[in-house]
Amino acid sequence: SADDEGLTRIALTAFPTGEREDRNHPVLREAAAQLTAYFAGRRRVFDLPLHPAGTPFQRRVWEELRKIPYGETRSYKEVAQAVGAPRAFRAVGMANHRNPLLIVTPCHRVIAADGALRGFACGLERKAFLLRLERENFQKNTVILNC
């Protein structure tokens, strides 16, 4: 869904009460095109106006998540340190859980410090799928030059 300021939610299930999809909204058309390109392996960075609702801390975490490069991961602890709250790794996990812009704000790129997959609002199978998709597309599209 979107409002006049930008994309507000990406849902893999039905929209919550009061929200609806407007397929003619220009932000939603562009979001659909960019997500299609992402899943086809042709897009690594999203360029959309975003307007997620959240607390100031959540918005700081979400902004930090958008800095994680395609095909890479960060731990909850690393994200907490990056937002200036090194002991708030559990709060980072809760901000991830409340992320309304799945994939565009890549909370799937945040993993446990030991490398294990932890928490994802849409299930760990989908988190693993997204990480695998990015890893495979990254490797497939990387050119190695021998000098």
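Residues numbered from 1 in each chain as written. Predicted model: local features only at pLDDT ≥ 70, side-chain atom pairs only at ≥ 80, totals over all residues. Heavy atoms only, no water.

*Asks:* How should the overall build of the protein chain be read in this particular structure?
*Replies:* Within the protein chain, the secondary structure is distributed over five helices and four strands. Reading the helices (α) and strands (β) of the protein chain from amino to carboxyl end gives β-β-α-α-β-α-α-β-α. Within the protein chain, counting contacts between residues at least 6 apart in sequence, those at least 24 apart form 60% of the total. Accessible area of the protein chain: about 9000 Å², with a carbon and sulfur share of 51%. (Helix = DSSP H or I, 4+ residues; strand = E, 2+ residues; numbered from the N terminus. Contact = heavy atoms within 4.5 Å. Areas by Shrake-Rupley, 256 points an atom, 1.4 Å probe, with all protein chains shown as cover.)

*Asks:* Honestly, the environment of Val45 in this entry has me stumped. Any pointers?
*Replies:* With respect to the helices and strands, Val45 occurs in the loop between α1 (26-39) and α2 (56-65). Taking the C-alpha atoms as reference points, Val45 and Val104, 59 residues apart in sequence, are found 8.1 Å from one another.

*Asks:* How should I be thinking about unusual backbone geometry in this particular structure?
*Replies:* Negative phi values dominate among residues other than glycine, just as trans dominates among peptide bonds. For Ile103, which is not a glycine, the phi torsion comes out positive at approximately 75 degrees. Inspection of the secondary structure puts Ile103 in the loop between α4 (89-97) and β4 (110-111). The buried category is assigned to Ile103, whose relative accessible area is 5%. (Buried < 20%, exposed > 50% of the residue type's maximum accessible area, 1.4 Å probe, protein only.)

*Asks:* Just checking my understanding: could you explain the packing of α2 against α4 for this structure?
*Replies:* The description of two packed helices rests on the angle between their axes and on the distance between the axes. Contact geometry of α2 with α4 gives a least axis separation of 9 Å together with a crossing angle of 80 degrees. As far as their axial angle goes, α4 and α2 are roughly perpendicular. Residues Phe57, Gln58, Val61, Trp62 and Leu65 of α2 touch α4, and the partners they reach there are Ala91, Val92, Ala95 and Asn96. Looking at the contact of α2 with α4 residue by residue, the class counts come to seven nonpolar, two polar and no charged. (Axes fitted to C-alpha atoms, helices over the stretch in contact; angles between N-to-C directions. Parallel < 35°, antiparallel > 145°, perpendicular 65-115°, else oblique. Nonpolar A, V, L, I, M, F, W, Y, C, P; charged D, E, K, R; others polar.)

*Asks:* Whenever I open this one, α1 confuses me. Can you help?
*Replies:* Every α-helix winds through 3.6 residues per turn, so residues three or four apart in the chain are directed the same way. For α1, which comprises 14 residues, the first-to-last C-alpha distance of 20 Å matches the rise-based estimate of 20 Å (1.5 Å per residue) to within 8%. Here α1 has its buried residues at Val27, Leu28, Ala31, Gln34, Leu35, Ala37 and Tyr38. A positive phi of about 80 degrees marks Gly41, the residue just after α1. (Expected span 1.5 Å × (residues − 1).)

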